[in-house]
Amino acid sequence: MVKELIKAHLKDKSNQHEFRFSLFCESCGKEWKSEAINFSKAGLHPPTESKRIIYETLYQREHVQAMTHAVNEAAHHFNQCPVCKKLICNDCFLICEDLDMCRDCAERLQEEGEP
């Protein structure tokens, strides 16, 4: 469920040479960036129209794979607050006594916790 939310909020920062994605914490606004993954045909110019089609298809396939990798990577850095449902970075997500939640909800509900 968190991975679906991450995928929906992921910003695509990819270009012709590499795949990269970012995500923003809905509490503090801090940006997280995925590991850059190089396109296997980066820098190569297709010599024929047939190769151009093949390279474009490869690019799309590798883009999907890189996005899946980024979602899995981001899942280690973000949580969904069960109270407000926002996507929260680990620094803003608190481990509380009864229910883990974001800093904003913890403050509003007068709960204490540690990141």
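This text gives an overview of the structure that appears in the document. Because the structure is predicted, anything quoted here is derived from the model rather than measured.

1. So, the overall build of the chain
Point 1. Within the chain one finds three helices and 10 strands.
Point 2. A compact globule built from 115 residues should have a C-alpha radius of gyration of about 13 Å, whereas the chain, at 19 Å, is more than 25% larger.
Point 3. Considered along the principal axes of its C-alpha atoms, the chain spans approximately 65 × 20 × 15 Å.
Point 4. Within the chain, the fraction of its 115 residues that count as buried is 30%.
Point 5. Residue pairs at least 24 apart in sequence account for 40% of intrachain contacts in the chain once pairs closer than 6 positions are excluded.
Point 6. Entry remark: accessible area of the chain is about 7,500 Å², with carbon and sulfur atoms responsible for 50%.
Point 7. When the 15 basic and 19 acidic side-chain charges of the chain are each reduced to a single mean position, those positions are 10 Å apart.

2. Quick word on the sheet that holds strand E4 (residues 31–33)
Point 1. Read from one edge to the other, the open sheet built from three strands follows the order E1-E3-E4, with strand pairing classed as antiparallel. With partners counted over all chains shown, the strands left at the sheet margins are strand E1 (11–12) and E4, one partner each.
Point 2. Taken together, the three bridges between strand E3 (residues 21–24) and E4 define a ladder with antiparallel strand orientation. Among the inter-strand pairings, Ser-22 is bridged to a residue of E4, identified as Lys-33.
Point 3. Against the sheet, helix H2 (residues 49–74) engages E1, E3 and E4, with an angle of about 35 degrees to E3.

3. Focus: the packing of aromatic side chains
Point 1. Summed over the entire model, instances satisfying the criterion amount to four aromatic pairs.
Point 2. Centroid distance Phe-19 to Phe-39: 6.1 Å. Interplanar angle 75 degrees. Geometry classified as edge-to-face. Of the two residues, Phe-19 sits in strand E2 (residues 18–19) while Phe-39 sits in the loop between strand E5 (37–38) and H2, which places them 20 residues apart along the sequence. The burial state of Phe-19 is the same as that of Phe-39; both residues are buried.
Point 3. For the pair Phe-19 and Tyr-59, a centre-to-centre distance of 4.9 Å together with 45 degrees between the ring planes defines the contact as tilted. Highlighted residues: Phe-19 in strand E2 and Tyr-59 in helix H2, separated in sequence by 40 residues.

4. A short note on the environment of Asp-91
Point 1. Of note, Asp-91 is situated in the loop between strand E7 (87–89) and strand E8 (93–96).
Point 2. Overall, the relative accessible area of 43% leaves Asp-91 in the partly exposed class.
Point 3. With 23 residues separating them along the chain, Asp-91 and Glu-114 place their C-alpha atoms 9.0 Å apart.
Point 4. Once residues lying within four places of it in the same chain are set aside, the contact partners of Asp-91 are Lys-30, Arg-103 and Pro-115.
Point 5. A polar contact is formed between the side chain of Asp-91 and the side chain of Lys-30, at a distance of 2.3 Å.

So, how was this worked out
- Residues numbered from 1 in each chain as written.
- Predicted model: local features only at pLDDT ≥ 70, side-chain atom pairs only at ≥ 80, totals over all residues.
- Heavy atoms only, no water.
- Helix = DSSP H or I, 4+ residues; strand = E, 2+ residues; numbered from the N terminus.
- Rg over C-alpha atoms; globule rule 2.2 N^0.38 Å.
- Buried < 20%, exposed > 50% of the residue type's maximum accessible area, 1.4 Å probe, protein only.
- Contact = heavy atoms within 4.5 Å.
- Areas by Shrake-Rupley, 256 points an atom, 1.4 Å probe, with all protein chains shown as cover.
- Lys, Arg positive; Asp, Glu negative; His and termini not counted.
- Charge placed at Lys NZ, Arg CZ, Asp CG, Glu CD.
- Pairing = 2+ DSSP bridges.
- Axes fitted to C-alpha atoms, helices over the stretch in contact; angles between N-to-C directions.
- Phe/Tyr/Trp six-rings, centres within 6.5 Å; stacked < 30°, edge-to-face > 60°.
- Polar contact = N/O pair within 3.5 Å; in protein donor to acceptor, adjacent residues only side chain to side chain.

Such coordinate-based values are descriptive only and should not be taken to indicate function.
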